[in-house]
Amino acid sequence: MSRVDELLALAEATPGFMPRDEGLALYEHARAYGDRSPGGTWLEIGAWCGKSALYLGAAAQASASVLYSLDHHRGSEENQPGWEYFDASLVDPFDGRLNTLPSWQRTIARADLESTVIGLVGPSQVVARHFAQPLDVLFIDGGHGARVAWADYDEWTPKIVAGGRLMIHDVFVDPADGGRPPYEIYCAALDSGRFAPLAAQGSLRVLERCAS
Ligand code: MG
């Protein structure tokens, strides 16, 4: 089994909220970009237990790029007790709060990607204000609440280099299929004139940063 196939199989076996076809599309679009522009700086918002970090990490390693994987690791609103995507096994007995960081670390270590996928632990907005490095690839897959989704869009998308990639997860055209904010920031990216649509797979959208 090739190194990439091994990582994609590990990704599929990792808990998370990314269907296989969307994960493979994430890998393929990041890989195609990385093959043309190796050695890049990539960042994902929303890490959970490391599933998408393996799909992206497989592409990052193959192109000598680095993926920052950003999360406060306390779960989004829909992951809290009483909500639809709550997982009691992720509660830290120390303080009774959700904590996905140990699971994320185990995922990255098991995949032997610790020199390719670098964890950033904290609130997205705070990290963004102190992160000056331009981004070649940005994957937005954080909280679905309006405030956090718009903050991710406003703070991070200006950092994408011309020709770089913006990928957004959980973009549902039909409100019956899921929440609005990821769809709204996708529309805003198109309306801004800064991004052109490249591809779609399920709820994943891939855009290219236009030359300014
Ligand atoms: Mg998602």
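Preceding this section is the structure that the text describes.
Scoring rules and cut-offs
Residues numbered from 1 in each chain as written. Predicted model: local features only at pLDDT ≥ 70, side-chain atom pairs only at ≥ 80, totals over all residues. Heavy atoms only, no water. Helix = DSSP H or I, 4+ residues; strand = E, 2+ residues; numbered from the N terminus. Buried < 20%, exposed > 50% of the residue type's maximum accessible area, 1.4 Å probe, protein only. Contact = heavy atoms within 4.5 Å. Polar contact = N/O pair within 3.5 Å; in protein donor to acceptor, adjacent residues only side chain to side chain. Core = buried A, V, L, I, M, F, W, Y, C linked by side-chain atoms within 4.5 Å. Donors = N, O, S within 2.8 Å, 3.2 Å for Na, K, Ca; no water. Salt bridge = Lys/Arg side-chain N within 4 Å of Asp/Glu carboxyl O. Arc of directions from axis to C-beta. Phe/Tyr/Trp six-rings, centres within 6.5 Å; stacked < 30°, edge-to-face > 60°. Lys NZ or Arg CZ within 6 Å of the ring centre and 35° of its normal. Pairing = 2+ DSSP bridges. Axes fitted to C-alpha atoms, helices over the stretch in contact; angles between N-to-C directions.

## Focus on the environment of arginine 209
Reasoning step 1: In this fold, arginine 209 is placed in strand β9 (residues 204-209).
Reasoning step 2: For arginine 209, a relative accessible area of 14% puts it in the buried group.
Reasoning step 3: Considered as a pair, arginine 209 and aspartate 136 are 73 residues apart in the sequence and their alpha carbons are 9.4 Å apart.
Reasoning step 4: The contacts of arginine 209, once residues within four sequence positions are left out, are Ile160, Val161, Ala162, Gly163, Gly164, Arg194 and Phe195.
Reasoning step 5: A polar side-chain atom of arginine 209 sits 3.5 Å from the main-chain carbonyl oxygen of arginine 194.

## A few points about the nonpolar core
Looking at soluble globular proteins, one finds that nonpolar side chains tend to be buried together.
Reasoning step 1: Formed by 31 residues in total, the largest nonpolar core has its most connected members in Leu26 and Met167.
Reasoning step 2: Residue assignment for this core shows that the elements contributing at least two residues are α1 (3-13), α2 (20-36), α3 (51-62), α4 (101-110), β6 (135-140) and β9.
Reasoning step 3: Counting residues per element, this core draws most heavily on α3, which supplies seven residues.
Reasoning step 4: In terms of nonpolar packing, the next biggest core, distinct from the first, is built from 22 residues, Leu43, Ala128, Tyr153 and Val171 among them.

## Comments concerning the coordination of the magnesium ion
Reasoning step 1: Every protein donor of the magnesium ion is accounted for by Asp141 (OD), His169 (ND1) and Asp170 (OD), and the metal-donor separations fall at 2.0 to 2.3 Å.
Reasoning step 2: For the magnesium ion, all donor residues lie on one chain, and their spacing in sequence is D-x27-H-D.
Reasoning step 3: Classification of histidine 169 as buried rests on a relative accessible area of 3%.
Reasoning step 4: Classification of aspartate 170 as buried rests on a relative accessible area of 12%.

## Some words on the pattern of salt bridges
Reasoning step 1: For the structure on display, the rule yields six salt bridges.
Reasoning step 2: Between aspartate 95 and arginine 74 there is a salt bridge, with its nearest N and O atoms 4.0 Å apart. Taken together, the positions of aspartate 95 in the loop between β3 (91-92) and β4 (97-98) and arginine 74 in the loop between β2 (66-71) and β3 put the pair 21 residues apart, joining distant regions of the chain.
Reasoning step 3: You can call arginine 74 partly exposed: its relative accessible area is 25%.
Reasoning step 4: Taking the shortest distance from any N to any O, the salt bridge between arginine 129 and glutamate 155 comes out at 3.7 Å. Of this pair, arginine 129 sits in helix α5 (residues 124-129) while glutamate 155 sits in helix α6 (residues 146-156), and the two are 26 residues apart along the sequence.
Reasoning step 5: Among the residues examined, arginine 129 registers a relative accessible area of 54% and is labelled exposed.
Reasoning step 6: Taking the relative accessible area as the measure of exposure, glutamate 155 reaches 22% and is therefore partly exposed.

## Things to note about α4
Reasoning step 1: Three or more residues of α4 are buried, namely Ser103, Trp104, Thr107 and Ile108. Projection of α4 onto a plane perpendicular to its axis shows the buried side chains occupying an angular sector of 130 degrees, all on one side. Opposite the buried face of α4, by more than 90 degrees, sit the exposed residues Arg106 and Arg110.
Reasoning step 2: Residues of α4 that are buried sit in contact with α3, β2 and β5 (117-121).

## Here we look at the packing of aromatic side chains
Reasoning step 1: Counting across every chain of the model gives four aromatic pairs.
Reasoning step 2: Between tryptophan 150 and tyrosine 153, the aromatic rings sit 5.8 Å apart at their centres with planes inclined by 85 degrees, giving edge-to-face as the arrangement. Here tryptophan 150 and its partner tyrosine 153 are both found in helix α6, three residues apart, which amounts to about one turn of the helix.
Reasoning step 3: Given the relative accessible area of 6%, tyrosine 153 is considered buried.
Reasoning step 4: The cationic tip of lysine 159 hangs over the ring face of tryptophan 156; the distance from NZ or CZ to the ring centre is 5.6 Å.

## A closer look at unusual backbone geometry
Reasoning step 1: Phi at alanine 64 takes a positive value of approximately 55 degrees, unusual for a residue other than glycine.
Reasoning step 2: Turning to its location among the elements, alanine 64 is positioned in the loop between α3 and β2.
Reasoning step 3: On the accessibility criterion, alanine 64 (61% relative accessible area) is exposed.

## Observations concerning the sheet that holds β2
Reasoning step 1: Across the sheet, which stays open at both edges, the seven strands sit in the order β5-β2-β1-β6-β7-β9-β8 with mixed pairing between neighbours. Strands with a single pairing partner mark the edges of an open sheet, and in this sheet they are β5 and β8 (195-201). Strand-to-strand twist across the sheet, computed as the mean angle between neighbouring axes with direction ignored, equals 20 degrees.
Reasoning step 2: As paired elements, strand β7 (residues 160-168) and β9 share four bridges and run antiparallel to each other. By the bridge assignment for β9, arginine 165 is matched with glutamate 208.
Reasoning step 3: In the packing of α2 onto the sheet, contacts are made with β1 (41-45), β6, β7, β8 and β9, and the angle to β7 comes to roughly 170 degrees.
Reasoning step 4: In the packing of α4 onto the sheet, the strands contacted are β2 and β5, and the crossing angle to β5 comes to about 170 degrees.

Limitation: the analysis is restricted to geometry and does not speak to function.
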